[in-house]
Amino acid sequence: MPELAAHVPEVPVNQIREITEAAWRTPGAIVLSIGEPGFPLPRHVLDAGMACLDRDETNYTPNAGIPALREAFAARFRERAGLDGSRIGADRVYVVDGAQQGLHFVMSLLLSPGDEVLIPNPGYPTFAMTGRLLNAVPVRYPLYPDHDFQPRIQDIEELITDRTRVLILNSPSNPLGAVLSEDLTRDLVDLARRRDLWIISDECYEAFTYDVPHVSPARFDSDVPGEARVFTSLTLSKTYGLTGLRIGALVCPPGLERTMNNVMEAIVSCVASPSQYAALAALTGPQDYVSEAHAHYRANRDAASAVLAAKGIPFLSAQGAFYLWADVSHASDGDVRAWTRQFLGDSGVALAPGTAFGSIGEGWVRIALCGSQADLVEGVSRLPQRS
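As the structure is a prediction and not an experimental result, all values here were calculated from the model. Counting restarts for each chain, with residues numbered from 1 along the sequence as it is written. Totals for whole chains, interfaces and linings use every residue, but because this is a predicted model, local features are given only for residues with pLDDT of at least 70 and side-chain atom pairs only at 80 or more, for both listing and counting. Only hydrogens and water are set aside; all other atoms, that is, all heavy atoms of the structure, feed into the side-chain values.

1. Digging into the packing of helix H2 (residues 43-54) against helix H9 (residues 273-284)
It is the contact of H2 with H9, at a shortest axis distance of 8 Å, that shows an interaxial angle of 145°. Between H2 and H9 lies a crossing of right-handed hand. Contact residues: H2 offers His44, Val45, Ala48, Gly49, Cys52 and Leu53, while H9 offers Ser273, Pro274, Tyr277, Ala278, Ala281 and Ala282. Only Asp, Glu, Lys and Arg are considered charged in this grouping, and only Ala, Val, Leu, Ile, Met, Phe, Trp, Tyr, Cys and Pro are considered nonpolar; every other residue, Gly among them, is considered polar. Of the residues in the contact of H2 with H9, the class split is nine nonpolar, three polar and no charged. Fitted lines through C-alpha atoms serve as axes, helices being fitted only where they are in contact, and the angles separating the N-to-C directions of these axes extend from 0 to 180 degrees. Comment: elements are numbered from the N terminus, with helices defined as DSSP H or I runs of at least four residues and strands as E runs of at least two. Helix crossings are classified by the rotation of the near helix relative to the far one: an anticlockwise turn of less than a right angle makes the crossing left-handed, while a clockwise turn makes it right-handed. Any two residues having at least one pair of non-hydrogen atoms within 4.5 Å are treated as being in contact.

2. Let's talk about the sheet that holds strand S13 (residues 364-368)
Pairing between strands is defined by DSSP: at least two bridges between them are needed. Strand order in the open sheet made by the four strands is S9-S10-S13-S12, with antiparallel pairing throughout. Of all strands in the sheet, those bounded by a partner on one side alone are strand S9 (315-316) and strand S12 (352-353). Examined bridge by bridge, strand S10 (residues 323-327) and S13 share five bridges and lie antiparallel to one another. Bridged to Leu324 within S13 is Ile367. Lying over the sheet, helix H10 (residues 288-310) contacts S9, S10 and S13, oriented at roughly 10° with respect to S10. The strands touched by helix H12 (residues 336-347) are S12 and S13; relative to S13, the strand with the most contacts, the crossing angle is about 50°.

3. So, the layout of surface pockets
Cavities and pockets were defined on a 1 Å grid built from protein atoms only: a cavity is a group of points that admits a 1.4 Å probe but offers it no way out, a pocket is an open group of points flanked by protein on both sides within 12 Å along at least five of seven lines, and a lining residue is one with an atom within 4 Å of any such point. Grid points are joined across faces, edges and corners, and a volume is the space filled by probe spheres set on the points. The space that makes up the largest pocket amounts to roughly 750 Å³. Lining the largest pocket we find 31 residues, and of these Gln100, Tyr124, Thr126, Lys238 and Arg246 sit closest to its centre. A per-element tally of the lining of the largest pocket places helix H5 (residues 125-133) first, with five residues. Here the lining of the largest pocket is built from residues that sort into 13 nonpolar, 12 polar and six charged. Roughly 160 Å³ of volume is contained in the second largest pocket. Taken together, Ala29, Ile30, Val31, Leu32, Ile34, Glu36, Ala368, Cys370, Gly371, Ser372, Asp375 and Leu376 make up the lining of the second largest pocket. Contributions of two or more residues to the lining of the second largest pocket are made by strand S1 (30-31) and helix H13 (373-381). A breakdown of the residues in the lining of the second largest pocket according to their chemical character gives eight nonpolar, two polar and two charged.

4. Some remarks on the pattern of salt bridges
When a carboxyl oxygen of Asp or Glu is within 4 Å of a side-chain nitrogen of Lys or Arg, the pair counts as a salt bridge. Considering all chains together, one arrives at 21 salt bridges under this definition. Glu71 is the salt-bridge partner of Arg78, the closest N and O atoms lying 2.9 Å from each other. Close ionic contact of Arg76 with Glu206 constitutes a salt bridge, the shortest N to O distance being 3.0 Å. Residue Arg76 is located in helix H3 (residues 67-81), and its partner Glu206 is located in the loop between strand S6 (198-202) and strand S7 (230-235); the two are separated by 130 residues in the primary sequence. To sort residues, take the accessible area from a 1.4 Å probe on protein chains only and compare it with the maximum for the residue type: under 20% means buried, over 50% means exposed, and anything in between is partly exposed. A relative accessible area of 16% means that Arg76 is categorised as buried. Look at Glu206 and you get buried, because its relative accessible area is 7%. Via salt bridges that share partners, Glu182, Asp183, Arg186 and Arg219 belong to a single interconnected network.

5. Observations regarding empty space enclosed by the protein
Remark: the empty space left among the atoms is shown by a probe the size of a water molecule rolled over them. Across all of its chains, the model carries three cavities of 30 Å³ or more by this definition. Taken together, 14 residues form the lining of the largest cavity, with Leu143, Pro151, Asn170, Ser173 and Leu180 sitting closest to its centre. The residue inventory of the lining of the largest cavity, partitioned by class, reads 10 nonpolar, four polar and no charged. Taken as a whole, the second largest cavity holds about 80 Å³ of empty space. Those elements that place two or more of their residues in the lining of the second largest cavity are H3 and S7. With four residues, the single largest contributor to the lining of the second largest cavity is H3. Class assignment of the residues belonging to the lining of the second largest cavity gives a composition of five nonpolar, two polar and four charged.

6. Brief notes about the sheet that holds strand S3 (residues 116-121)
Judged by pairing direction, the sheet is mixed, and its seven strands sit side by side in the order S2-S8-S7-S6-S5-S3-S4 without closing on themselves. Each of the sheet's edge strands pairs with one partner strand only, and the pair in question is strand S2 (93-96) and strand S4 (137-142). Across the sheet, the mean angle from the axis of one strand to that of its neighbour is 25°, orientation sign disregarded. Across six bridges, the pairing between S3 and S4 is parallel. Bridge pairing in S4 links Asn121 to Pro142.

Written out as structure tokens, the structure reads:
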């Protein structure tokens, strides 16, 4: 048979899925390896999706999404990012089939074969996977433990070459729970401007920060076509628990509307209309789900942190998202990927190995905080004590 494209075997395995699928095959396992919100969806969101089907509104929508949903995304983004309506209008919002499709969409816009994309290490696995799939070259910029896993301008600048096109930022961070400060965010946008880079800002967890503000790089971007450089990726998967409805948005720089429409048509045409109407109900209806989820994740963070501290296990104090990043190097013997498989077999608990997110994740694990507190505390309690 014909061979696959030469770059496809270079797409790395997603170790999160690897351990999670093993856990799903393990009776009684406590699954702390995947970020899946566990609350029932609000009734008004379900009703909106079903009403769309009941009235047989199942035809194509515009490539960019139904106008009311684009405006609802724009309104939320303006509010959360502290931007006025003159800066971010609905015309710059493109409804996508989940944040991952949005990531593929924007990277396919910006990267040619052989181009380099700067991604965080540790950082979400599909940053590298998507880059490789597009025949681009992911280059990992380091986030060091002794710098609280925050990026340093000098470290990034030293990696920029004449092939570098894109800088990916992720705040709040998956897997770290780290949040970029206002000053650092401004400096990163300035760096991109000086070195003529695009920025893709992954803000999937913007609704969940704890005692610190969420700061969007778009706040410091230009509004002038040809000078603006920030794409913002948003999703309702985490904010409203709509993971299976696959709904998100890309906020693009001004002046790219025609190109965005053409590329969206080539990738997916448009997002399913029931998902769009459910998303519209989520954004414009009661927000109890978000506030209750925020409180739940914060309480779970505090409960799991207390268990880790009692066991003497170092961890990064999460300022956002719904993960804890914990150091199990005392037990993992230099191979945390193998150790998580062994720990699942021995203890019935699935944790995401830190190497799923990059080489600096060796010896660390990501603990998801989004399930029941009882399961979370029980699972973390089974971690080996650090002497």
